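Report on the structure
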Amino acid sequence: MLSSPRSIAGGFGLALAISVTLADRPLSAQTATQDTANKKGTIQMPMNMPMGKKTQKTKPAPKTTKAKKPAADKTTAKTGKKSTPVGTAKKRAAPKSMPMPLGAELHHAPTKAEQMPMAETGRTMHGDSAHQEMSGMKMQPAPAKIDSMKMPGMPGMPGPEMPTKPANSTQPGMLSGMKLHSAEDMMIGPAGVSMERMGSGTTWIPDAVTLPSRRRMIGDWMIMAHGFVFAEYDKQSGERGDDQFGSLNWGMLMATRDIAGGRFQARTMLSLDPFTVTKRGYPLLLQTGEAYKGQPLHDRQHPHDFWMELGALYQREISKGLAWSVYAAPSGEPALGPVAFMHRPSAMDNPSAPLTHHWQDATHVSFGVLTGGVYSRKWQLESSVFNGREPDDNRWNFDPIKLDSYSGRLTVNPTAHWSLAAGYGYLKSPEQLNPNESMHRITASALHGARLRADGQWASTFIWGANKHSTQPGWSNGFLAESEAILDKYNALFGRTELVQKSAGELVLDNPVVTRGGAMLPGFPAGQSFNVGALQLGYIREVARMHWATMGLGAAGTLNFVPASLEPYYGSRNPAGIFVFVRMRPFHSTRSTMRTNMGGMQMKQDDE
């Protein structure tokens, strides 16, 4: 299907270069360009134009030779102005005006504050805070009567008169009868949900934090690109440790447009892990799951498949504030676990996978997914049918596509700072080495996010996952808590702590083991369970910032914990691991402070 890993690597590099070329300019550059445009020239726009309300026609002036004295209760009494003489009846007083950049298109104000896009900052205001933060805005009341506003010479306007019909709220992020012209307009989707809320698959993250990405418009399509590349040295100590130079990486490309009354999005996510860390993966003490050359992997993290995701999402409103969605993917993520670890703001700069991966979010690469859901701005209810089998060790192709398993998930975003989710799934024959064994999985997660001053954010995640194998009694549990604090433009801290129950069979300790010193150690019963854990802390310093990306130098250390009975097998009760790495990703633009000046009308959004 694919000629060779090296040719795939070259193609992937070319695709990444194209996506970078298409990427938009940095936020600071955008703002500077808009400021310059405002200084070069302005056009006048009436300040007292009614926003979002239907207007009434003005009665024509009477054709008489004399100006009649206006009655006190007529139009002049309402406006406080003298009547206009006949000779000047056709001349209307120029309304108060405000500067507007040349080439801009006029729009009606959205019917609700939560749907108002703020293009200058690269951020879309979310409804939770918009209605509070706009309360201080002073706006003049609309006049009682107005027919239309004629503005000749405005580029992009279909005619001399501006339509007076309010925006259609069934098409969020889009003003009725007017063509979208920027990527910021496209960020608000059906039911008023921002695309920045999207995690992996159809998961949600808190609105108060963001993932780094770049986006721009190409015709009617909004193209969004993001991804990470780690070049690292990985050293794991002890009897089961190993070391490796390698690269963990992934890149994602999404193309979005409005079509057939809804929102369509095509997406793909690719990884060169099978080439850069080999099909066997990278050393990671106490990690388990999947297989290589017919043997179960242990103390190594498997590489991601080249086709991490290839799918499409369609969303459409049912009524105001309520929408449905369908997601179909030959390779994708069902509605079961929390946001996959590489897409969580609390772990995006962490190079290592969690030990609880196969208790929580391992289904994020499933070959065959069909998900349907209904959602509002506060909650989302989904159900999936998908392929329960984990990927095989041929990481470059598509595995056979099946829909033999099922799951359901409820997600609630009560405020901009929290995203809560719980899911259940039945996985048919997940392990290729145990084809007759099926599994039940339950997950629950809480993601929290907040901003730190002007350039930072703090994201944390708490997850519980539990597995029940059909051939084993009881449930095994995995607990995770992790956090990442982007302190400013240059410094970030991250950490993770875990506790998980793993069986001797999963740790591959169910047979006699020969140590490196030649000692023979007996095995344990395959179903015997052990509590193992890890504590990790890492730091990144940004050392270079380019037009579209930032490069950081970082390190992370891990202290593992095993029970006394496993000490001879690992050489210590606290075997350690370390990662030293260089990381490149799109630079991160927080949404902390926003100002939009409109001729004297100023809107400000501060940190929540």
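Residues numbered from 1 in each chain as written. Predicted model: local features only at pLDDT ≥ 70, side-chain atom pairs only at ≥ 80, totals over all residues. Heavy atoms only, no water.

What about the overall build of the protein chain?
Across its full length, the protein chain holds eight helices and 27 strands. A separation of at least 24 residues holds for 67% of the contacts in the protein chain among residues at least 6 apart in sequence. As displayed, the protein chain offers around 27600 Å² of accessible surface, 60% of which is attributable to carbon and sulfur atoms. (Helix = DSSP H or I, 4+ residues; strand = E, 2+ residues; numbered from the N terminus. Contact = heavy atoms within 4.5 Å. Areas by Shrake-Rupley, 256 points an atom, 1.4 Å probe, with all protein chains shown as cover.)

Some details on the environment of Ser483
Assignment of secondary structure puts Ser483 in strand β19 (residues 476-486). For Ser483 and Ala347, which are 136 residues apart along the polypeptide, the C-alpha to C-alpha distance reads 6.8 Å. When neighbours within four sequence positions are excluded, Ser483 is seen to be in contact with Ser346, Trp458, Ala459, Ser460, Leu493, Phe494 and Gly495. Only 3.2 Å separates the side chain of Ser483 from the backbone oxygen of Ala459, close enough to count as a polar contact. In terms of polar contacts, Ser483 uses its side chain to reach the side chain of Ser460, at 2.9 Å. (Polar contact = N/O pair within 3.5 Å; in protein donor to acceptor, adjacent residues only side chain to side chain.)

Thoughts on the nonpolar core
In terms of nonpolar packing, the biggest core is built from 54 residues, with Met222, Leu509, Leu566, Tyr569 and Tyr570 touching the most fellow members. Contributions of two or more residues to this core are made by α5 (183-186), β6 (221-236), β7 (243-259), β9 (282-292), β20 (491-503), β23 (529-545), α8 (567-570) and β25 (576-585). Other than its neighbours up to four places away in sequence, Leu566 contacts Leu507, Leu509, Phe524, Phe530 and Val532. (Core = buried A, V, L, I, M, F, W, Y, C linked by side-chain atoms within 4.5 Å. Buried < 20%, exposed > 50% of the residue type's maximum accessible area, 1.4 Å probe, protein only.)

Describing the packing of aromatic side chains
Evaluated as defined, the whole model comprises 15 aromatic pairs. Ring geometry for Phe230 versus Phe581: centroids 5.6 Å apart, planes at 70 degrees, classification edge-to-face. Of the two residues, Phe230 is situated in strand β6 and Phe581 in strand β25; the sequence distance between them amounts to 351 residues. The two residues Phe230 and Phe581 agree in class, both being buried. (Phe/Tyr/Trp six-rings, centres within 6.5 Å; stacked < 30°, edge-to-face > 60°.)

Quick word on a nonpolar patch on the surface
Residues Ile318, Trp324, Val326, Leu370, Val385, Leu403, Tyr406 and Tyr424 make up a contiguous nonpolar surface patch of about 680 Å² in total accessible area. With respect to the helices and strands, the residue Val385 is situated in strand β14 (residues 379-386). Taking the relative accessible area as the measure of exposure, Val385 reaches 32% and is therefore partly exposed. (Patch = residues over 30% accessible without salt bridge, like charges linked within 9 Å, V, L, I, M, F, W, Y side chains within 5 Å. Salt bridge = Lys/Arg side-chain N within 4 Å of Asp/Glu carboxyl O.)

What to know about the pattern of salt bridges
All chains considered together, the criterion is met by 16 salt bridges. Measuring nitrogen to oxygen at the nearest pair gives 3.0 Å for the salt bridge that ties Arg240 to Asp299. Note that Arg240 is positioned in the loop between β6 and β7 and Asp299 in strand β10 (residues 295-301), a separation of 59 residues in sequence. Asp299 matches Arg240 in its accessibility class, with the two residues each being buried. Note that Asp361 is salt-bridged to Arg344, the shortest N-O span being 3.4 Å. Separated by 17 residues along the polypeptide, Asp361 in the loop between α7 (357-360) and β13 (369-375) and Arg344 in the loop between β12 (322-331) and α7 bring together distant segments of the chain. Taken individually, Asp361 and Arg344 each receive the classification buried, so the pair is uniform in this respect. Here the salt bridges share partners, and the residues they tie into one network are Arg344, Asp361, Glu482 and Arg496.

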